[in-house]
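# Coordinate inspection notes
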Amino acid sequence: MTTHILDTNGAAITYDVEGEGGRPLMMIGQPMDASGFTSLRAQFPDRTVITYDPRGLGRSTRSDGRTDNTPETQAADVHAVIQAVGGPVDLFASSGGAVTALELVASYPDDVVTLVAHEPPIIDVLPDAKAARRARDGFMAVYQAKGGGAGMAAFIQMSSWQGEYTDEYFALPAPDPAQFGMPAEDDGKRDDPLLGTSSLAITDYYPRVDDLKAASTRVVIAVGEETGDAFTARTAVHTARLLGQEPVVFPSHHGGFIGGEFGYAGKPEEFGVKLREVLG
């Protein structure tokens, strides 16, 4: 593996290149950095695999004076990396990274041959978008009031809820962080990229449907078979339908490509087999 630092507009982006062979395969997330793709990357020893840390996360720094993570800015950074490695690439994109990837294809249609966008958390594609936004704002409010443990517990409650957000959901009591193995004490920090306000632009993004359909990129929306009818499964289904397709079902859950080293173990071997099949 070789590690590189690329200066972009207001950031120094760190990215890794491993292996040699075939069309480059890039893997991106948000707010996940390159470390989250260790297990999935290992499933492609026959290909050049590129991973990166988004600006302000992991090893990548930012000097633009901002804290918000907009898909447009993230897409420009990924575009710069793809240019640096001599793209085009195939692209696997997870969660907020899938939102970045949809903007990337809309803005830079020559960068990506096949995009697999796994469970993009886009609120406004949902039929219950108003309630879903209220649910999202709810866990963020808990984080601002009580800190990381309480905020993450509220996030888990919101993201694991099955089906539309109804009065039954909003009547739930605030979950105890201890039931998820997290401390209830407030650590005083309010800069978590998942729980704080920096990622509002990701869940508030709306796909540029006409540009995506006009692009030569083959766009595949993916959903985990174990995600059920939870938030990111529903956003994947409705994003796919917006593009005139049905989502492709992948093994495991929202983090199905992650190994056990993060305590969120999926099925990276099976996930890799399915990704290879979809990429063709």
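Residues numbered from 1 in each chain as written. Predicted model: local features only at pLDDT ≥ 70, side-chain atom pairs only at ≥ 80, totals over all residues. Heavy atoms only, no water.

### Let's talk about the UniProt feature "domain: AB hydrolase-1" (unreviewed entry) in the protein
UniProt's feature table lists "domain: AB hydrolase-1" (unreviewed entry) at residues 33-250, given in the numbering used throughout. Along residues 33-250 the backbone is 40% helical and 13% strand, and the end-to-end C-alpha distance reaches 21 Å. (UniProt positions renumbered as here; feature names shortened; annotations may be inferred. Helix = DSSP H or I, 4+ residues; strand = E, 2+ residues; numbered from the N terminus.)

### Some details on the packing of aromatic side chains
According to the stated counting rule, one finds 10 aromatic pairs in the structure shown. Both rings, one in Phe 37 and one in Phe 92, keep their centres 6.4 Å apart while their planes meet at 80°; by these two values the pair is edge-to-face. Of the two residues, Phe 37 is situated in the loop between strand S3 (25-28) and helix H1 (38-41) and Phe 92 in strand S6 (residues 89-94); the sequence distance between them amounts to 55 residues. For Phe 37, a relative accessible area of 0% gives the class buried. Relative to Phe 155, the ring of Phe 139 lies with its centre 5.2 Å away and its plane at 80°, an arrangement referred to as edge-to-face. (Phe/Tyr/Trp six-rings, centres within 6.5 Å; stacked < 30°, edge-to-face > 60°. Buried < 20%, exposed > 50% of the residue type's maximum accessible area, 1.4 Å probe, protein only.)

### Observations regarding the domain arrangement of the protein
The assigned domain composition of the protein is domain 1 (2-122 + 205-279) and domain 2 (128-204). Across the domain 1 to domain 2 interface the summed buried area is about 1,300 Å²; carbon plus sulfur atoms make up 56%. Of all residues in domain 1, the largest losses of buried area upon contact with domain 2 belong to Asn 69, Phe 231 and Arg 234, amounting jointly to 37% of the total for that side. At the boundary of domain 1 and domain 2, one finds one salt bridge. Between Asp 128 and Arg 234 there is a salt bridge, with its nearest N and O atoms 2.9 Å apart. One can count eight residue pairs in polar contact (both at pLDDT 80 or more) joining domain 1 with domain 2. Those elements that provide at least two residues to the side of domain 1 that touches domain 2 are helix H3 (96-107) and helix H9 (231-242). By residue class, the composition of the side of domain 1 that touches domain 2 is 10 nonpolar, seven polar and three charged. (Domains from an automatic or database assignment. Buried area = accessible area lost by both parts, 1.4 Å probe. Salt bridge = Lys/Arg side-chain N within 4 Å of Asp/Glu carboxyl O. Polar contact = N/O pair within 3.5 Å; in protein donor to acceptor, adjacent residues only side chain to side chain. Nonpolar A, V, L, I, M, F, W, Y, C, P; charged D, E, K, R; others polar.)

### Describing the pairing of strand S1 (residues 2-8)
Two strands pair when backbone bridges link them, and S1 and strand S2 (residues 11-18) are joined in this way by seven bridges, in the antiparallel orientation. Directly across from Thr 3, in S2, lies its bridge partner Asp 16. Between S1 and S2, which pair antiparallel one after the other, the connecting turn spans two residues, and Gly 10 there sits at a positive phi close to 85°. (Pairing = 2+ DSSP bridges.)

### Here we look at the pairing of strand S8 (residues 218-224)
With six of its seven residues buried, S8 lies for the most part within the structure. In the sheet, S8 pairs with strand S9 (residues 248-250) via three bridges, with the strands oriented parallel. Note on S9: the bridge partner recorded for Ala 222 is Val 248. What joins S8 to S9 is H9, and the crossover it makes is right-handed. (Right-handed = clockwise from strand over helix to strand, strands pointing away.)

### Considerations on the side chain of Glu 119
For Glu 119, the location among the structural elements is in the loop between strand S7 (112-118) and helix H4 (129-146). No salt bridge is formed by the buried Glu 119, whose closest oppositely charged neighbour, Arg 234, lies at an N-O distance of 11 Å. Polar contacts involving the side chain of Glu 119 include one to the main-chain amide nitrogen of Gly 224, which spans 2.7 Å. A distance of 2.7 Å separates polar atoms of two side chains, one belonging to Glu 119 and the other to Thr 232. Beyond its immediate stretch of four places on either side in the chain, Glu 119 contacts Ser 95, Ala 222, Val 223, Gly 224, Thr 227, Thr 232, Ala 233, Ala 236 and His 254. (Lys, Arg positive; Asp, Glu negative; His and termini not counted. Contact = heavy atoms within 4.5 Å.)

### Quick look at the nonpolar core
Ranked by internal contacts, the top residues of the largest apolar core, which has 58 residues, are Met 26, Ile 28, Leu 91, Leu 115, Tyr 165 and Ile 221. The residues touching Leu 91, leaving out its near neighbours within four places in the chain, are Leu 25, Met 26, Ile 28, Ala 101, Leu 104, Val 112, Thr 114, Leu 115 and Val 116. Formed by 17 residues, the second largest nonpolar core is a distinct cluster that contains Met 27, Val 49, Phe 257 and Leu 279. (Core = buried A, V, L, I, M, F, W, Y, C linked by side-chain atoms within 4.5 Å.)

### Observations regarding unusual backbone geometry
Generally, phi is negative for residues other than glycine and the peptide bonds are trans, each holding for most cases. Residues Gln 30 and Pro 31 are joined by a peptide bond in cis, for which omega reads 5°. Looking at where Pro 31 falls in the secondary structure, it is placed in the loop between S3 and H1. Here the amide bond leading from Gly 87 into Pro 88 is cis, since omega sits at 10°, within 30 degrees of zero. In this fold, Pro 88 is placed in the loop between helix H2 (71-85) and S6. Positive phi is not limited to glycine here, since Ser 95 has a value of about 55°. Topologically, Ser 95 is positioned in the loop between S6 and H3. Although it is not a glycine, Ser 252 adopts a positive phi angle of roughly 70°. Turning to its location among the elements, Ser 252 is positioned in the loop between S9 and helix H10 (268-279). For Ser 252, a relative accessible area of 1% gives the class buried.

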